Structure formats: C-alpha cells, structure tokens
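Structure assessment
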Amino acid sequence: MNKSVFFGALAFVGLAAGASAAATLDDVKARGKLNCGVNTGLVGFAAPDANGVWGGFDVALCRAVAAATLGDASAIEFVPLTGKTRFTALASGEIDMLSRNTTWTFSRDVDLKFEFVGVNYYDGQGFMVPKALGVSSAKDLDGATVCIQTGTTTELNLADFFRVNNISYEPVPIETNAEAQQQYLAGACDVYPTDASGLAATRATFEAPGDHVLLPEIISKEPLGPLVRHGDSEWADIVRWSFNAMVSAEELGITSANVEEMASGTNNPEINRILGTEGNLGEMLGLDAEWAKRIILSVGNYGEVFEKNLGEATPIGLARGLNAQWTDGGLLYSPPFR
C-alpha cells in the first residue's frame, strides 16, 4: 500500500515536471516571438542601430534561439534591462531568457534560482581612467571617485580589491552603461570599472579613445553567459544547445556560407548529426531536424559572431584570447553532439 502511494506520488511529480519543462517553449510558440533580455546599450554586445535594429554578440544568441524554436531569427522582442532590473524581469517571466553580459556566480545560480546554460565570453574586471590622471596601476587609485553600476558583481569585486589593498574610494552609483559613460566623460568620477570587454566596447565609442587607458590589473573571473529560470529543463536544454551548436560549428568548419552545402551530407557523422541529416537530436529537444542549420544560416558560428561584433577588425578590437577554441589554446569547446 505504501509502495503504491510512493510510486503514485513519483508519477505525479514526473508529470508535473514534464508540464513545467514544456511551459516556456509552448509560451514562445503560442506568442510567436521570443522575449529576450539584453543590455540597455553596449556597443558590440547589444545595442540598436540608427534604424532601431538590435545587433551585437549577445543579441546573436537571442536570434539563434528564435531561429531554432520559431524558424525566424527576427521573431524577437528585445527587452533592454539594467543590472538592477535584469533578474526581476527573468524571475517574473517578463523575458524567456537573459543574454546580457551576466556573470555566472554561486548565489545567482543557487539562491536566485536561475540556470546558467554556458559561458559565451570569458572575461575579468578591469579599470579605465583618463590618461591625464597619470595613473599606471589600480593600486594607485587611493581616494579616487569610481562610477559603479549597481546590482553587479563589479560592486562586490571593487570593494574586495580596495579592502585587500588597504585603499579607499568614493562610489558614484550609476545604473546603465550610457549613464556611466556620460558621468565618466563629464569628470564626475575618476575611474570606470567593469568587465574588460565592456570597457573596450565603451572606449571605442569615445571621440578620443586614445585619451583613456585600461589599467593592467584584471581583478576577477567573470564567466559571462546566458541564463534561464530554474525548473524548465527542456527550455534550458534548447538555449544551451543553441549556443553549443554555434561553438561546435566553428570547430567543425561549418559556416553561414557553407552550411547549405554541408547540410546535403558529409562524411563526418557529428556534422551530420548537428545539421539533422543523421540521428534525431532535434526530436530530443522538441524541435525539428534543421534547428541548428537555421541557427548557423541566420547568425553564423561562434567565430563569425565574435569577429563581426567584437573582433580585431572592429572598433572594439578584441582578440579571441581565452575565448578561442580549445584547439587554439582557448577555453571554448562544446560537449559532443551525439
């Protein structure tokens, strides 16, 4: 009798979990668009152009998920979010996923009940100062005024760094990158600290980028990545493997230019599995066989997205560094598609 009740309860829990797992995908399909949370404006990562069309490294992942689930990389409502508002928007269901240069930390993963589905950019916190300040090290910033985005790991890292080095600072709280840029250029603060990639992106928009320097210290690990709510494993899998498809595509030489040709079949079984000509990986995700092909056709592989938005040929001018493929000495690789 007790065993029957126990297994009956397990079956109920399983059914409830299955219903929950399908919720976000069903909502996205019923709505006909993906609600994706992004930065309020950080060139190279997420920003609208003169025509209001969003573009950038993080935006590309939103488009990849829309292409995989809806068959249309433009079927997205972009929701600009600050460091303070991003988690509330995700927890409340206002957005389906967050793709906004967000650091994966213990408390965000465990306490806030979010699920990070991967690291799409390995970064670290740095410091930008005017060259005229005459400072060559962050350890020389005792007494400096510092523009700090509230609700970010930057706040916590900064406090730790200054405490460890027994120096002080005066915080100037700001909420968005645009506000930070305005305050910094107006001289309201001596220092702007944030992820090193964000500093490079911000400096690239200045009229005189050469008048500002990035100090040599990188004071933290900032594994940035997309996240979803806990309790929706099917949706987490879709976002995770949409990103992994872009990473594996670069490693395997699948590009937006050759994906159609490769989708006709190759002698590499993993390429065939990714592009849906062998196996049933799409079915396992609750998608069709060509979900990954659409991603690569719409936005390109990881390397294409990086070079277009952040690479050395762009005004931001970032080298791949840790974000190179593992075969090139970086940290980037995807679990196998099998």
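Below, the discussion takes up the overall build of the protein. In terms of regular secondary structure, the protein is built from 13 helices and 14 strands. In terms of C-alpha radius of gyration, the protein reaches 22 Å, essentially the compact-globule figure of 20 Å for 338 residues. Looking at the protein as a whole, 51% of its 338 residues are labelled buried. Within the protein, contacts between residues at least 6 apart in sequence are counted, and of these 71% link residues at least 24 apart. Total accessible area computed for the protein in this model is approximately 15,200 Å², and 53% of it derives from carbon and sulfur atoms.

All right, on to the environment of Phe57 then. Inspection of the secondary structure assignment puts Phe57 in helix H2 (residues 57-70). For Phe57, a relative accessible area of 4% gives the class buried. Taking C-alpha positions, Phe57 is 28 Å from Val172, a pair spaced 115 residues apart along the chain. For Phe57, the contacting residues outside a window of four places in its chain are Gly44, Phe45, Asn120, Tyr121, Tyr302, Val305, Phe306, Asn309 and Leu310.

Unusually for a residue other than glycine, Lys113 sits at a positive phi of about 65 degrees. Checked against the element boundaries, Lys113 lands in the loop between helix H4 (106-110) and strand E6 (114-116). Even without a glycine there, the phi angle at Asn166 is positive, about 55 degrees. Within the fold, Asn166 resides in the loop between helix H5 (153-164) and strand E10 (169-174).

Tracing the chain through its elements places Gln125 in strand E8 (residues 125-130). Side chain to side chain, Gln125 and Asn157 meet in a polar contact 2.9 Å long.

In this section: the packing of helix H8 (residues 233-252) against helix H13 (residues 302-309). Following both chains from N to C, one finds H8 and H13 inclined at 90 degrees, their axes separated by 6 Å at the closest point. It follows that H8 is roughly perpendicular to H13 by the angle criterion. Touching Phe243, Met246, Val247 and Glu250 of H8 are Tyr302, Gly303 and Val305, all from H13.

This part takes up the environment of Ala292. Of note, Ala292 is situated in helix H12 (residues 291-299). In this structure, the C-alpha to C-alpha distance between Ala292 and Ile274, residues 18 residues apart in sequence, is 6.3 Å. Not counting the four nearest positions on each side in its chain, Ala292 is found in contact with Ala245 and Ile274.

Pairing is antiparallel in the open sheet, where three strands are placed in the order E11-E8-E12. The sheet is open, and its two edges are formed by strand E11 (192-195) and strand E12 (212-214), each paired on a single side. Going across the sheet, the axis of each strand differs from the next one's by a mean of 25 degrees, ignoring polarity. Taken together, the three bridges between E8 and E12 define a ladder with antiparallel strand orientation.

Each value, and the rule that gives it
Per-chain numbering applies: the sequence of each chain, read as written, is numbered from 1 onward. Only residues with pLDDT of 70 or above have their local features reported here, since the model is predicted, and side-chain atom pairs are shown and tallied only from 80 upward, although totals for entire chains, interfaces and linings are computed over all residues. Computation of side-chain values: all heavy atoms of the structure, hydrogens and water removed. Helix and strand assignments come from DSSP, with helices taken as H or I runs of at least 4 residues and strands as E runs of at least 2, each series counted from the N terminus. Only C-alpha atoms enter the radius of gyration; for comparison, a globular chain is expected to reach 2.2 Å times N to the power 0.38, where N is the number of residues. Only protein chains enter the accessibility calculation, which uses a 1.4 Å probe; a residue whose area is less than 20% of its type maximum is buried, one above 50% is exposed, and one in between is partly exposed. Contacts are residue-level and defined by heavy atoms, with any inter-residue pair within 4.5 Å sufficient. What sets the accessible areas is the Shrake-Rupley method with a 1.4 Å probe; for residues, cover comes only from the shown protein chains. Identification of polar contacts relies on pairs of N or O atoms within 3.5 Å, with a donor-acceptor requirement for protein atoms, meaning one able to donate a hydrogen and the other able to accept it, and with residues adjacent in sequence counted only if both atoms are side-chain atoms. With axes taken as lines fitted to C-alpha atoms, and helix axes fitted only over the stretch in contact, angles between N-to-C directions fall between 0 and 180 degrees. Oblique is the label for any angle not under 35 degrees, not over 145, and not in the 65 to 115 range, which are roughly parallel, roughly antiparallel and roughly perpendicular in turn. For two strands to count as paired, DSSP must find a minimum of two bridges between them.

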